[in-house]
Each structure stands twice: as C-alpha cells, then as structure tokens.
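Residue-level listing of the chains:
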Amino acid sequence: MQGQDEKKSTLRTLPGDDVRQIMWRFAERFDLQMLVQSARGVARGPVARLVAEGERNTHEWTAKKAALLTAFDEAGITAIFMAPEDGGYIEGPKNMALALAAFELSWVDGGAATGSLAGNLALSPIHECGTNEQRHRYMKAACPSQSGESRRARRGAFALTEPIPFVGVDTGVLSGKVRVAEWQDGREPILQVDKRGRFITNMGFADFVTAAVDTDDPRIKSSCMIILEEDDPGVYDRGVPTKKMVHQLSSTNDPVFSLKVPASRIIGGYTIKDGVIVPNLNHGEIIEVVFGHTRVTVGLMTGAKLLSAVEPLIRYHRGRFRGGETAGPGSPRYEFGLQQKEDVLHRLVDVWAAGEASASLGFTAARLFDDLDPLAKAKKQFFAEQNIAGGRAQMRALLKIQKDAVELIEIERQPENDRDRKRHAELKNDTLVRFVMLDTLANVLCPAAKLWNTGHGTNMMREAVSLMGGYGITEDCPGFLGQKWMDAQLEATYEGPESVQRRQLSVTMTNDLFLAQFKQWIRELRAIASRRPGTGACALATAMRLWLWTLERMQTTRDAEGAKLYQSARHGVTFPLADALCWLLAARLFILDVLELEEKGPSNPTVAEGLPGLLAFYMDLCHVQAARAASEVARICAELVFGYMRRPASNETGLDDCYADDDLEEANAADNADRQRPKADPFARFEGLEAFVRLRVLLDGRMSGARLAKDSAANALTRVMIPEALDYPA
Amino acid sequence: MSVQYQIFVCGGIVPDPLQTLDPVTAPAGPALKNEMMLPAVLDPFAWHALFEAARLARSSPGSKIYLVSLAPKAKLQQVMMSVAQKAVFDLVVIDGPASGFTDSNAVAAALSEAIQSVPGLDMNRLLVFGGWESASRGSGTTLQAVGEILGITDQFQGVDDLRIESDGSFRILERIDGGKHQVSTCAGAPAVLGWATGNLPEPPNNPQIGMTNMRGIMPALQKARPAKLNAQDLSYTSVTLPKQQRETRVVDKLSAEEIAREIAEWIKKS
Ligand SMILES: Cc1cc2nc3c(=O)[nH]c(=O)nc-3n(C[C@H](O)[C@H](O)[C@H](O)COP(=O)(O)OP(=O)(O)OC[C@H]3O[C@@H](n4cnc5c(N)ncnc54)[C@H](O)[C@@H]3O)c2cc1C
C-alpha cells in the first residue's frame, strides 16, 4: 500500500510564479510578471513590517502609513492605472494589472491594497467618463513624478456614500447638492457644491475628490459627479477618521465639503440648453461604468488571502508538537504534528480549493475586461458612425446583435461539416457580436467575483483562522490570518455589499445570450468529464443543468399562494439562485485553469519537472470544489423547487400533520417497495418534477470519487515541501 | 572626463534562502531536492555587486553594465522579473546548471569566455564584479579564476566599498577580520572586485526600468548557448547540509555585551 502510494505523483512544492503565470494566462506578459514582483516586494517588505509593528492599531492616518504611498509610487503600483502618455508604463487595458497588484498586496494586508486602489477609484470616473481635458489633467497629476521632476503626485478620493439616512446600498437618493453660485453672461458658471461623505477612503490625505451630487437648482438639469479640489474656495473638511476595525492601513474619514467650483469640473462635461446646465452624464451612469470595472479587483483581494493561508497553516500544523519531550525527530508526532488528524487536512484542502476557485473566477473576470475594453470602444464608434444615439435606440441595436450572437452559438453546436460556413465566418468575425458575447459575460462575472469571492471567502477565512487554534485570533498569528478574516468582511461590503451584487446577477444571469453560453459550457464540461473525470466536471455539468432547470421553473411557475416567483423584489428566490450560480462559475473556471496548466505546463522546463504531481493534486482540488459547488447548488435548488410548494395537508392525505414513527417507517417501506412511484410518499409531491428528481439522483451519483479526491489531496498536504519560514514578518 | 566603464557583474542564481534545501543524488551527481521547482533569486553576493555596479554607472556616465549569468535559462527568466527592475543592464546568458555542485573552474572558464565574446570589449575600461563567494558553492574561487583567465591581476575580495578618486584611481575597502577593512589603492581598470555585502540598500523595484531591460533580456535568453562544463572531472564522495541548531529568545533590553556573552556561552555549550 505504502509502495503504491509512493509511486503516485504528488505535489512536491507549493505552486510558484511560473505555475500561476500559466494558470492565470500571463506567461507572455513580462510587464505583469514584473509588476507582481514589484508589488510583492512592497507587500512583504514595508507593508508586512507595519502590520507586524502594530500600526493597524490606530484609526489615525500616521506618517508611517503615509510612507506606504511613497513605496507604492516608487514600485510603480500607483502608475499602473495611467496610460503611457500620462506617465504610466502599461500599454492597453489595465484590469489584469490592477488585479495582480491587489492580489499581491492583500496577500499580506487588504488595507494596503485598498489604499492603493482607492486612488484609482477616485480617478476612475474621470478616466472612464471625463472629458479629454479632465482625463489628461488629473491622470497626469496623479502619476508619481519621474526622476528629475519636483512635482508631488496628487491623490484622490471617491465620495459617493453619505451619512444616514442617505446614500448607501441605494445610490439614488443623494443629499449632496449642486447649485449655481454665479453665472455671468458668456462666462463659465460657478457652482456651489455641498456634500457630506461617510466612510470615504483616502480622505485623510486626498488632494481632490470625485463626488456624487444631485441638482438643487432648476438651472442644472440632473445629478452629476463633480471634481472638488482642496484649494477651492470654501470648506474642505476631511472630517474625523472612521473607527473601523479593519483595513487600518488605509485612511477612511467622514468629510464635509462646501465649495465653489467652476462648471468645467462636472465629470464628462455639460452643455447649456435654454439657460440650463445639462450634465452629459448623471451620477448613476458614471457609477455604473466605474463599478463595472473595479469590483473584480476587490474579489481578488479575498481570494489572495485564502491562498496566503496555506503555507502558514501547513507549517503550524507540522511543527505543532516539535520541541516537546514526548515527540522526538522521526516520530510521526514530530514529523506530521497536527497533520496526523484528518479533519485538519480536509479543512485546509477546502480552504485551498476555495482560494484557487476564487482566484480563477477573479482573474478570468479581470482578463475578460481587458478583452472587452477595446471592443467597447469599437461599439461606441459603430454607434457614432451609424448615428444610433440614446439609450433606447442603442438597446434595440444591441438586442439585434445579441440574436446574432445566439445564432453563432447555435451554429457552433453543429458538426463542422453541417455548418453554414459563410454565416459562421461572418458572425465569428463580427466585432459587435464578440462585444455582446463578452459584455454579457462581464455583467455576470463581475458581480459573481465580488459576491462569491468576498462572501464565501470570508466564511472560508474564518475556517483558516480556526485551523490555527488560539493563535489564529492573535495579532501574532503568522500570515496575519485573524486580521485577514476581519478585513474580508469589509471587502464583502464596500463598493456594493453582497445584496447589490445579487441584485445585479438576478438580472444579468437571465439574459438569453448568457444562458446560451451557459448551455454551451455544460456541453464542454461533459466533454472534459469524459477526458478528465478526476476533475469533477461531470458532477458540475449536472449541477449546472439542475440550476438551469430550477431557474426556468422559478421563471415560469408561481408559489402555492399564486404569487410570481422570479421577480426583482423576491430576493428569497432570486438571491439564492445568484449564489448558486457563483459556485458553478468559480468551480468551472478553476477546472479550466488547471486544464490550461496541463496543456501549457510541459513546454516550460521549470514547471514540467513536477507537473504530474502538481496536476494530480490540482485535479483533486478541482474535484473537491466541484463536488462542494454541486452539493451547494443541489441544496439551494431543492429548497426553492419544493419550498414554495405547499406541504400536503392532513385533510388531503388523510394523515395527521405529525407522523408517528411507525407511520414514517411504513411510508419508507411503501417507498422502498415501489421506487418507480415516489409520489406515493405522503411527505412530498413530485408531479411535474420528475426531471428535477432525476437530475438530483444523477447528481448524487456523480459525486462518486469526490471524497477519495479529498483524501488524496489531504495526503499531498502531508508531503509537500514548504519553505523554512514565511517570507514576511509576523 | 570620467571613464566609461564596462562593468561585468557575474552572478548565478540560488534557491530562495527561505526554501528547504535537501541534498539528493541525481543521475548527474549531487543536487538539491526539487531544485528546478523552488523559487530562485540572484545569488545574494552578486545582488550586492549589481547595486554597487549601478551606483558606479550612475556616477560615471556612459558606463555600461552587463550581467553575466550561468544558470538554467527558464529559471533565470523568472529571476529576471525582479532583478531587471533594479538597474539598467545587458544580460549575457550561459544556459547550464546553477547548482553549487559544478566545478568553479569550469564555471569561471564559461563566464570569461562569455565576457570575451561581448563585442567592443575594452580591457582599459573593464571591471569584473561579482560575489567574493556564492550562496550555493561558497568556495570563493570563481571570480578569482575569471580574473586570471582574463589576465586581470588587480583583484580584490570581500569588497565593501569602492570609491573613484579625482585622478581616476580606485580606493577599495576589503573586509578583514574583526569588522575592519583593508584599504587599497588601484590605478584603475581592469580590475576584479569580489563584493562582500557592500553598503547599499536594495533599491526599490521599478517596473519601468524592468520593461526597458526586457527588450534585451528576452533575446539574450533565447540565444543563450549551453554551458560546456566538464562534469566527469568531478566526483563527490558525500554531501550534507551544515547542521543547524536554532534557539531563539526575544530580548529587547540587553546590552550588546550581555548578548555577546550569552551567545558565547551557548556556543561553548553546544
Ligand atoms: C472602510 C470603508 C471604506 C469605504 N470607502 C468608501 C469610499 O471610498 N467611497 C464611498 O463612496 N463609500 C465608501 N464606503 C461605503 C460603502 O460602500 C458602503 O458602506 C456600502 O456601500 C454599504 O452602504 P451602507 O453602509 O449605507 O449600508 P446600507 O445601505 O445601510 O445597507 C445595509 C444592508 O442592508 C441590506 N440592504 C440595503 N439595501 C438593500 C437592497 N436594496 N436590497 C437588498 N438588501 C439591501 C444589505 O444587507 C446591506 O448590506 C466605505 C465603507 C467602509 C466601511
């Protein structure tokens, strides 16, 4: 037995950069690889030292915390966001770059990542929606100075949230207001802006603020976002620091502004129509574009923490009993420590698998946005050329393109020889078809990454903390696991808490084009399952069918009271389905990343050496995650499908509400005697649900091997070689 | 007018010092367990030499740095992702084993051949930098042999400081026992300087410098020639790790003398 075990390749070392570069598809991007090293240097150097020194124990913005900003500037982290013409160094879209930097920083401390990202969040409205002049001015000013320049980089804050009872999850009701202060004939209007902010990141030091305000003047048509600067006349009060228990290396304040600014600060510009200032974009439009990008990065922060917990946990478990008198070197107690206990290993496997799946989901989403950005520009240009203006007209045009995209998927289902080749080529090469495909996916993957990575990630972080015992909830815990757990709760909250993401998903996941792609994935997973059954693809494909079936059922049936099930206010239906989808997406993308490693790994000599063992381990992890996702989905779907049906009442069945034990046994016996007729069960009704029941039974069967995979992954954890010490202080 | 030096920094790669190093016997002789898979770094002594080279290049405008490395090129590529951010240099690669189990003479022959093959090499401007020893082999002989093969007789080992005097001569501090330094003066290039730790902090990473370097680094990696190291001449009878004994005690109020006394007692005891 031992001999056989030895022969099976297993994980030899923790996966290194070369493995990650393949899985997360940046093996050809040296700029990103360097950025990773650079951000890591800051994270495991100055950031880790501050955390270890206890600098998180103050709410104030201190000089030591401020020194991190300089470290970010010097290491090129601040300039990631800027285009080369504004002083940056990364060409093209920067979602993946930002995601990687956030991942590296939060590997050590989420607050450090937040501090660096909040500057980008402040710039994002200007970058995405600003006029050319605004964009160049603020992007340039925010870019760290090059050698020889004496200027100081300007830093920004993004102010949307307001004191209670105003803006929070709901961003519609703004108390922040803008009025015309002076408007002399032929001159630019001067506006009076009054805004109070709550929980505004970077506010302890920001030189400028991008603030959401509503109109309080008939001479201003709508709400807008507007740029406020510290030197503007009036009040620019940073307010008091928020007494937050998390992310203390970032600055958060409740500021107050009452300032006069020129109308040219309206983000995206304005026109004047009949004596009224008409902002080109209202605050809602801008916020939608901004958050479309930035939320993925937050999701990756929590994912990084889960993966960062693996090494300190293995080290802690292995060394737990060393140094004691009872366990000398060579004894199992000395060599394996707590790793002798199956539960410890199994739970760490769960933490690791969840971390991998969330990284796969997050990085896929980030790359997707990199692909989408240029296509979105092409779409804009197309609309301009075709003179398609206004939301409605554009929506109609996009719907037509969506139909084309669905047609493309249908064509691709057919065997190659049977396809209409001309039509296929036409659709395949259509930029707009590609745009709508990716856009529909982005609309699902972005909220999914934010929701699942941070929400489930926080739960799993708690698991990681508990695996460290009492140490886990001390400041001295190696890897800062306790802090990371608490921090994760903020990641689940800011930039839109879970409810916001669920709300968005409940709309975007029912899009026909998304569902067409989803069905395509089921077919692909079946093919994967026959090639690589060890990945759990089979169970996952069935769980996806179950989810789809349940979604359709919820959309087309009513509850026992006759009320519609799938509708926006019915969170009890839509939100769990959104959660279930996230499990599926994450597990699927993890499998795809491992298959990428299988394909590309052999051609990289440093990866090739340990590849068989690494793949065996990763496939086991995939299997564990797929099974976990499948059971989560099964649970949710069963609860929804049956939970909105009325329980057979006593007057219908002739039985009492409460069954005596022997009734129960009888019922079971009846059921056993006639398996073909489950409807004989007095507890539940299955009419019309045969397909669902069949899928569930199938799904149960397809869990085969998942626990064996877990055992095998657990076994690998006992053997993997880890470094002697963590590469950052504790 | 200051001299425009050609500074060749010789540096191999070693497993990240935090990794577990476990000697094993491979078909080609001794090796470290999972060596190809462990994250690697530039040899720490060469690392310091590179920072010193960068300082010298800054103070002597027009100077050029070459980093000469004998290492498995795939592994070296990963290491370059951080090294390339520290200073502007041209990379010269010889593809071969980085392990400390190669013969330092054979390595020196390969390094000097690579230096000699660089077009426009000018002995009057040539400075060979590197570590006075390496973190893998630790024999302290490679750089000396490189100098000898190149015919450079002005050699300094354990260097902590190099200053260029107004007449262009070098003032060099070499480490000797007791925390003291030997001060030497040298007329100028060519010279070999085997660095100890120097006295510069690690410069921050700068991806912008990195991206500039990468334009030359990738072609250099692609055209790297395989090293001809005569492995047959060498055999190892046994390989073990130095025995390590760790005992940690956190103190914050002890004087240096008290700490020294405690350490001395501990050493005597063990
Ligand atoms: C440290 C920190 C930093 C921050 N940084 C910034 C920043 O830089 N700029 C900025 O503008 N904001 C910032 N915020 C604010 C953050 O984005 C908000 O806290 C968040 O959006 C939630 O708003 P709220 O706290 O008012 O929650 P509420 O709106 O009060 O919501 C509370 C809870 O009620 C439920 N809920 C509310 N509405 C709905 C709904 N429609 N449907 C279903 N459930 C609902 C949800 O469970 C929600 O979590 C920060 C917050 C913190 C703590």
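What counts, and where the lines are drawn
Residues numbered from 1 in each chain as written. Chains lettered and ligands numbered in written order. Predicted model: local features only at pLDDT ≥ 70, side-chain atom pairs only at ≥ 80, totals over all residues. Heavy atoms only, no water. Core = buried A, V, L, I, M, F, W, Y, C linked by side-chain atoms within 4.5 Å. Buried < 20%, exposed > 50% of the residue type's maximum accessible area, 1.4 Å probe, protein only. Contact = heavy atoms within 4.5 Å. Helix = DSSP H or I, 4+ residues; strand = E, 2+ residues; numbered from the N terminus. Polar contact = N/O pair within 3.5 Å; in protein donor to acceptor, adjacent residues only side chain to side chain. Buried area = accessible area lost by both parts, 1.4 Å probe. Salt bridge = Lys/Arg side-chain N within 4 Å of Asp/Glu carboxyl O. Domains from an automatic or database assignment. Axes fitted to C-alpha atoms, helices over the stretch in contact; angles between N-to-C directions. Parallel < 35°, antiparallel > 145°, perpendicular 65-115°, else oblique. Nonpolar A, V, L, I, M, F, W, Y, C, P; charged D, E, K, R; others polar. Near = heavy atom within 4 Å. Areas by Shrake-Rupley, 256 points an atom, 1.4 Å probe, with all protein chains shown as cover.

**Structural notes on the nonpolar core**
Inference 1: Within the largest apolar cluster, 205 residues are counted, with the highest numbers of intra-cluster contacts made by Phe518(A), Trp547(A) and Leu597(A).
Inference 2: Beyond its immediate stretch of four places on either side in the chain, Trp547(A) contacts Met509(A), Leu515(A), Phe518(A), Leu577(A), Ala580(A), Leu581(A), Leu584(A), Val633(A) and Cys637(A).
Inference 3: Judged by nonpolar contacts, the second largest core, of 47 residues, contains Val79(B), Phe170(B), Ile172(B) and Met218(B).

**Comments concerning the side chain of Asp593(A)**
All names here are of chain A.
Inference 1: Position of Asp 593 relative to the elements: it lies in helix 19 (residues 571-600).
Inference 2: Overall, the relative accessible area of 1% leaves Asp 593 in the buried class.
Inference 3: At 2.8 Å, the side chain of Asp 593 forms a polar contact with the side chain of Ser 360.

**Here we look at the interface of chain B and chain A**
Many authors give the size of an interface as the accessible area that is lost as the parts come together.
Inference 1: Each side of the interface is counted separately: chain B has 27 residues, and chain A has 32 residues.
Inference 2: Note on chain B versus chain A: buried area summed over both sides is about 2,600 Å², and carbon and sulfur give 61% of it.
Inference 3: For chain B, the biggest contributors to the area lost against chain A are Leu18(B), Met37(B) and Gln78(B); these three give 24% of the whole.
Inference 4: Linking chain B with chain A are zero salt bridges.
Inference 5: At the junction of chain B and chain A, the tally comes to seven residue pairs in polar contact (both at pLDDT 80 or more).
Inference 6: Among the elements of the structure, helix 2 (73-83) and helix 5 (207-222) of chain B are those that each provide at least two residues to the side of chain B that touches chain A.
Inference 7: When residues of the side of chain B that touches chain A are assigned to their parent elements, the largest contribution, seven residues, is made by helix 2 of chain B.

**Description of the domain arrangement of chain A**
Residue and element names in this part refer to chain A.
Inference 1: Looking at chain A, the domain boundaries give domain 1 (5-148), domain 2 (157-283) and domain 3 (292-386 + 447-644 + 700-717).
Inference 2: Carbon and sulfur atoms make up 66% of the surface buried where domain 2 meets domain 3, a total of about 620 Å² over both sides.
Inference 3: For the domain 2 face of the interface with domain 3, the top three residues by lost area are Val 169, Val 246 and His 247, together amounting to 79%.
Inference 4: The interface formed by domain 2 and domain 3 contains one salt bridge.
Inference 5: Of the charged contacts in the structure, one is a salt bridge between Asp 170 and Arg 503, with a shortest N-O distance of 3.4 Å.
Inference 6: Joining domain 2 to domain 3, the criterion identifies three residue pairs in polar contact (both at pLDDT 80 or more).

**Let's talk about the packing of helix 14 (residues 431-466) of chain A against helix 17 (residues 512-531) of chain A**
All names here are of chain A.
Inference 1: As a packed pair, helix 14 and helix 17 sit with axes 9 Å apart at the nearest point and diverge in direction by 85 degrees. The orientation of helix 14 relative to helix 17 falls into the category roughly perpendicular. The residues of helix 17 that touch helix 14, namely those facing Val 436, Met 437, Thr 440, Leu 441 and Val 444, are Leu 513, Phe 514, Gln 517 and Trp 521.
Inference 2: Its residues assigned to classes, the contact of helix 14 with helix 17 comprises seven nonpolar, two polar and no charged.

**Details of the site of the ligand**
Residue and element names in this part refer to chain A.
Inference 1: Surrounding the ligand, one finds 21 residues, the nearest of these being Phe 158, Thr 161, Phe 199, Thr 201 and Arg 503.
Inference 2: Between Leu 160 and the ligand, the recorded distance is 2.8 Å, taken from a backbone N or O atom to an oxygen atom.
Inference 3: Note that a nitrogen atom of the ligand is positioned 2.7 Å from one of the backbone N or O atoms of Phe 199.
Inference 4: In the complex, 69% of the free accessible area of the ligand, which totals 970 Å², lies under the protein chains.
Inference 5: Elements supplying a minimum of two residues to the shell around the ligand: strand 1 (156-159), strand 4 (200-201) and helix 16 (498-508).
Inference 6: Of the residues contributing to the shell around the ligand, the split by class is nine nonpolar, seven polar and five charged.
Inference 7: Counting residues domain by domain, the shell around the ligand receives three or more from each of domain 2 (157-283) and domain 3 (292-386 + 447-644 + 700-717).

**Focus on unusual backbone geometry**
The bulk of non-glycine residues show a negative phi, and the bulk of peptide bonds are trans.
Inference 1: For the peptide bond that leads from Ile164(A) to Pro165(A), omega is 15 degrees, which places it in the cis range.
Inference 2: Considering the arrangement of structural elements, one finds Pro165(A) in the loop between strand 1 and strand 2 (177-182).
Inference 3: In this model, Ala189(B) is joined to Pro190(B) through a cis peptide bond whose omega is 0 degrees.
Inference 4: If you trace the backbone, Pro190(B) turns up in the loop between strand 11 (181-186) and strand 12 (191-195).
Inference 5: Positive phi is not limited to glycine here, since Asn387(A) has a value of about 60 degrees.
Inference 6: With respect to the helices and strands, the residue Asn387(A) is situated in the loop between helix 11 (342-385) and helix 12 (391-413).
Inference 7: Look at Glu495(A): it is not a glycine, yet its phi comes out positive at around 55 degrees.
Inference 8: Within the element layout of this structure, Glu495(A) appears in the loop between helix 15 (481-491) and helix 16.

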